[in-house]
Every structure is written in C-alpha cells, then in structure tokens.
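Structural description and commentary
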Amino acid sequence: MARRITPAALAKAADLNRIWVNKAVERGFVNTDALDGEDVIVLRVFALADQIVWPGERRSRSAPRDVAIWQSVVVGATRDALTDPGLGPDTLLWLMPNDVRTSRTMAEALVILTEIGPLCAVRIPIGAWVNELPEGFELPTIPTPPNAGRP
C-alpha cells in the first residue's frame, strides 16, 4: 500500500516553502486529499510562474494578487504535459506573456524558439524535473491505448 503524501512532504519534495503548498491549495491547483508526483511538478511550476513579472508589467511583490487566468492555464498545461504519453526528459514548458506551449523533443523546442524569435519566454524543464522526483513521488503510470504501435 502506498503511503499518503502530506502537504509538508510535498513541499519538501518540491524544494519549496510550505507556504507555496498553501497558496496552491487556496487557488485550487492542488488537492491535499490526493497528492502525487504530478503535484510536485505542478507546485514547482506554479511557484515559478507566480513570481514572473513580464516586461512592461508593474506590480509590487508584497501586494496580494487574485488568481490570474494565466496561472490556471499554466497549471493546466503542466498537468496536460505530465499525462502526455510523449513525456520525456527533453519535455519543456514554455511560458510567454500570452501563451503557454509544450515541446517534447529538442526539434520541437527549436521550432518554438524560431516562432517566438525575440519575444520574452521562460523555459521550464519539466521532463528533467520528473526524472528528479524523489522515491515515493513517481508519476502515475499512463495506460497504453489498446491499438498503440499498430498500423
């Protein structure tokens, strides 16, 4: 029987302060009743994305903020990427002021780099982060579709 992951253990696995778990729970991004390895990555991405101030945007770090729609999109894109059968060590999440994209290979990353050109973007190595998950925080297995690999 798998052990239950606590919010404190989640914060430690994500190498973040417990405050980030509380913020993620308050905003509905994490459910403390069913924590797993996916939540470690989501928490890390959320903490990073929450601190981004895009060029031309002004805000005080100490001012309380409402949940930005952009943060919800980032968390959703992270969960989608983590459940994608194409998830691998080269999977990257690209955060831009008006877009969130995922690349699964270096070739896809180069296409995104070419498309965004000089625009500001934050690249998050979620595939590498998955490989760094501590024991007991593995991602749930993704079932293989019945016709996978057949012509």
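A brief report on the enclosed structure follows. (Residues numbered from 1 in each chain as written. Predicted model: local features only at pLDDT ≥ 70, side-chain atom pairs only at ≥ 80, totals over all residues. Heavy atoms only, no water.)

**Brief notes about the overall build of the chain**
Tallying secondary structure elements over the chain gives 6 helices and 3 strands in all. Along its sequence from the N terminus, the chain presents helices and strands in the succession α-α-α-α-β-β-α-β-α. A total of 151 residues make up the chain; the buried ones form 37% of that total. Within the chain, contacts between residues at least 6 apart in sequence are counted, and of these 64% link residues at least 24 apart. Surface exposure of the chain reaches about 9100 Å², of which carbon and sulfur atoms provide 54%. (Helix = DSSP H or I, 4+ residues; strand = E, 2+ residues; numbered from the N terminus. Buried < 20%, exposed > 50% of the residue type's maximum accessible area, 1.4 Å probe, protein only. Contact = heavy atoms within 4.5 Å. Areas by Shrake-Rupley, 256 points an atom, 1.4 Å probe, with all protein chains shown as cover.)

**Some details on helix α2 (residues 18–26)**
Listing the buried residues of α2 in full gives W20, V21 and A24. Burial along α2 is one-sided: seen end-on, the buried residues are contained in an arc of 105°. Residues of α2 that are buried make contact with α1 (7–14) and α3 (37–50). For α2, the side-chain oxygen to backbone nitrogen distance between the N-cap and I19 is 2.8 Å, and the N-cap itself is N17. Of the residues trailing α2, G28 is marked for its positive phi of about 80°. (Arc of directions from axis to C-beta. Polar contact = N/O pair within 3.5 Å; in protein donor to acceptor, adjacent residues only side chain to side chain.)

**Considerations on the pairing of strand β2 (residues 99–103)**
Strand residues, when the strand is regular, have side chains that alternate between the two faces of the sheet. Pairing analysis gives 5 bridges linking strand β1 (residues 92–96) to β2, with the strands arranged antiparallel. Residue pairing for β2: W94 is matched across the bridge by R101. Remark: 2 residues form the turn of the hairpin made by β1 and β2, two consecutive strands paired antiparallel. (Pairing = 2+ DSSP bridges.)

**Observations regarding the packing of α2 against α3**
The N-to-C vectors of α2 and α3 enclose an angle of 90°; their axes lie 10 Å apart at closest approach. Considered as vectors, α2 and α3 are oriented roughly perpendicular to each other. Seen from α2, the contacting residues are W20, V21, K23 and A24; seen from α3, they are L43, F46, A47 and D50. (Axes fitted to C-alpha atoms, helices over the stretch in contact; angles between N-to-C directions. Parallel < 35°, antiparallel > 145°, perpendicular 65-115°, else oblique.)

**Quick notes on the pairing of β1**
Most of β1 sits out of view: 5 of its 5 residues are buried. A two-sided burial pattern is seen for β1, the buried positions comprising L92, W94 and M96 on one face and L93 and L95 on the other. Inspection of the sheet shows β1 paired to strand β3 (residues 122–124) by 3 bridges, in the antiparallel sense. Along β3, the bridge assignment pairs L93 with I124.

**As for the pattern of salt bridges**
In total, this model carries 7 salt bridges according to the counting rule given. Across the pair D39 and R79 runs a salt bridge, and its minimum N-O distance is 2.7 Å. Taken as a pair, D39 in helix α3 and R79 in helix α4 (residues 69–82) lie far apart in primary sequence, 40 residues in all. For D39, a relative accessible area of 3% translates into the label buried. (Salt bridge = Lys/Arg side-chain N within 4 Å of Asp/Glu carboxyl O.)

**Side note on the packing of α3 against α4**
Where α3 contacts α4, the axes come no closer than 10 Å and their chain directions differ by 150°. With respect to each other, α3 and α4 are oriented roughly antiparallel. Classified by chirality, the crossing of α4 by α3 is right-handed. Side by side, α3 and α4 meet where E38, D39, I41, V42, V45, F46, A49 and D50 of the first sit next to W70, Q71, V74, V75, T78, R79 and L82 of the second. A breakdown of the residues in the contact of α3 with α4 according to their chemical character gives 9 nonpolar, 2 polar and 4 charged. (Left-handed = near helix turned anticlockwise from the far one by under 90°. Nonpolar A, V, L, I, M, F, W, Y, C, P; charged D, E, K, R; others polar.)

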